[in-house]
Amino acid sequence: MNHGIDIHCHVILMGNPDEVIKESMHKLKALINIATDIKEAVQSLDLSKKYPKFVFSSAGLHPEGAASASEKEMDEVLQFIKDNKKHLVSIGEVGIDYFWVKEQEKRKRAEEAFVQFIELSNQLKKPLQIHARNSEEKKTAFSDALKLLTDNNARGVAMHSFSGSDEELLHAVEQGYYISISTIIGRSSKHKRLAAKTPLDKLLLETDSPWLHPFEREGKNYPWNIIESAKIIAEIKEMKPEHILQATEANAAKVFGLEI
Ligand SMILES: [Zn+2]
C-alpha cells in the first residue's frame, strides 16, 4: 500500500502530465495539482476526472497574477471557483509575494485579492493554500499573510512551501494552520529546523514540482520526491519514514476533505 500525498505540485507544467501521474500512482496515495489561473484550472479538473481519487485540484490566482488582474478577471476566477466548488479541494495558491510584486500599488491590489479569496474560502468552507514570499527589502510576507488570515477568520489553512521564521511558524501552528514543508528540505538546513519545530499533527508534505528538487538546484522535481522528504524528516523526528508519510497523509485527508 502506497502512502503519502503531495499536497502541492504543478503536474500540468511538467510537459508530460499523464506519465508523471501514472508513475506517481505507483508510489503515492494521491496528489493535489495547483492551478495558478483559470486556464490551468480547466486542465486540472480534466485530470481530476481522468484520475479520480488520485489527482485532486486546487484553483486560485497566484499573487503575481492577482497584482495585475482587472476587477473583471478577478471576478471570473472567483466565479469559476464557486461554479466548480464540488470538484476543488482547496483555493490556492493565493497569498502575498514581495519577491515578484515590487510596486506599492500592485502589492495593495494583490492584498485586496487575497482578502477576497479568504472570504470566498469562508463562504464555501474550502481550505486555502497560502503562498508567501519575501524579497530582500521586505521580509514580512509570512507575518503579513498570517495577519490577513487571522483578521479575516480564515479556517482550514495550509502554508504552502513554508519558509518563514521560527516565530511565524509558531504563530501559524497556534492558529491551527498546517505547515507544508517542500522538498527543498533536502538542501536547506533552515527547512530541516522548521520541520523539527512543526508538530506532526500539523505537518504536510509537498514538492511544488517541477521546482524545488530535493538535492539539485536545477533538477526537475517530481511528486514522489516527498518520499525523500519523509526520510529526512523521519531522521529528524526519530521515526520511521512510513510513519511520516502516513501521518502527513492523514493530515492532508483531514484538512482538504479528500476521499481516498
Ligand atoms: Zn506552487
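Structure's up top.
Residues numbered from 1 in each chain as written. Predicted model: local features only at pLDDT ≥ 70, side-chain atom pairs only at ≥ 80, totals over all residues.

*Asks:* Provide a residue-level description of the overall build of the chain, including the pertinent values.
*Replies:* Secondary structure assignment for the chain yields 10 helices and 8 strands. Over its C-alpha atoms the chain spans a radius of gyration of 17 Å, differing by no more than 12% from the 18 Å that the globule rule assigns to 260 residues. For the chain, the C-alpha atoms occupy an extent of roughly 45 × 40 × 35 Å along the three principal directions. Scored against the burial criterion, the 260 residues of the chain give a buried share of 50%. Counting only contacts in the chain whose residues sit at least 6 apart along the sequence, the fraction spanning at least 24 positions is 73%. (Helix = DSSP H or I, 4+ residues; strand = E, 2+ residues; numbered from the N terminus. Rg over C-alpha atoms; globule rule 2.2 N^0.38 Å. Buried ≥ 20, exposed ≤ 12 C-beta atoms within 10 Å, placed from the backbone. Contact = placed C-beta atoms within 7 Å.)

*Asks:* If you had to explain the packing of helix H4 (residues 71-83) against helix H5 (residues 104-124) to someone new, which residues and values would you point to?
*Replies:* The geometry of H4 relative to H5 is characterised by a closest axis approach of 11 Å and an angle of 20 degrees between their N-to-C directions. Classed by the angle they form, the pair H4 and H5 counts as roughly parallel. With respect to the hand of their crossing, H4 and H5 are arranged in right-handed fashion. Counted together, Met 74, Leu 78, Ile 81 and Lys 82 of H4 and Ala 113, Gln 116, Leu 120 and Leu 124 of H5 form the full contact between these two elements. Of the residues belonging to the contact of H4 with H5, the class tally is 6 nonpolar, 1 polar and 1 charged. (Axes fitted to C-alpha atoms, helices over the stretch in contact; angles between N-to-C directions. Parallel < 35°, antiparallel > 145°, perpendicular 65-115°, else oblique. Left-handed = near helix turned anticlockwise from the far one by under 90°. Nonpolar A, V, L, I, M, F, W, Y, C, P; charged D, E, K, R; others polar.)

*Asks:* If you had to explain the sheet that holds strand S3 (residues 55-59) to someone new, which residues and values would you point to?
*Replies:* Spatially, S1-S2-S3-S4-S5-S6-S7-S8 is the arrangement adopted by the 8 strands of the open sheet, whose pairing is parallel. Here the strands that pair on one side only, and so sit at the sheet edges, are strand S1 (5-9) and strand S8 (203-206). Sheet twist, expressed as the average angle between the axes of neighbouring strands with direction ignored, equals 30 degrees. Where strand S4 (residues 88-97) and strand S5 (residues 128-133) come together, 5 bridges link them in parallel fashion. Directly across from Asp 97, in S5, lies its bridge partner Arg 133. (Pairing = 2+ DSSP bridges.)

*Asks:* I'd love a proper account of the pairing of S1, names of residues and values included.
*Replies:* By the criterion of burial, S1 is predominantly enclosed, with 5 of the 5 residues buried. With respect to chirality, the unit in which S1 leads through helix H1 (residues 17-27) into the neighbouring parallel strand S2 (residues 30-35) is right-handed. (Right-handed = clockwise from strand over helix to strand, strands pointing away.)

*Asks:* How would you explain the nonpolar core if you had to name every residue and give the values?
*Replies:* Looking at soluble globular proteins, one finds that nonpolar side chains tend to be buried together. Core analysis: the largest hydrophobic core is formed by 76 residues, its most contacted members being Leu 128, Val 157, Ala 158, Met 159 and Ile 179. Once you skip the residues sitting within four places of it in the chain, Met 159 turns out to touch Ile 130, Ala 172, Tyr 177, Tyr 178, Ile 179 and Ser 180. (Core = buried A, V, L, I, M, F, W, Y, C linked by C-beta atoms within 7 Å.)

*Asks:* Pulling in residues and values, what's your account of the environment of Val 55?
*Replies:* Here Val 55 is to be found in strand S3. We classify Val 55 as buried; it has 24 C-beta atoms within 10 Å. In sequence terms Val 55 and Leu 169 are 114 residues apart; their C-alpha atoms lie 28 Å from each other.

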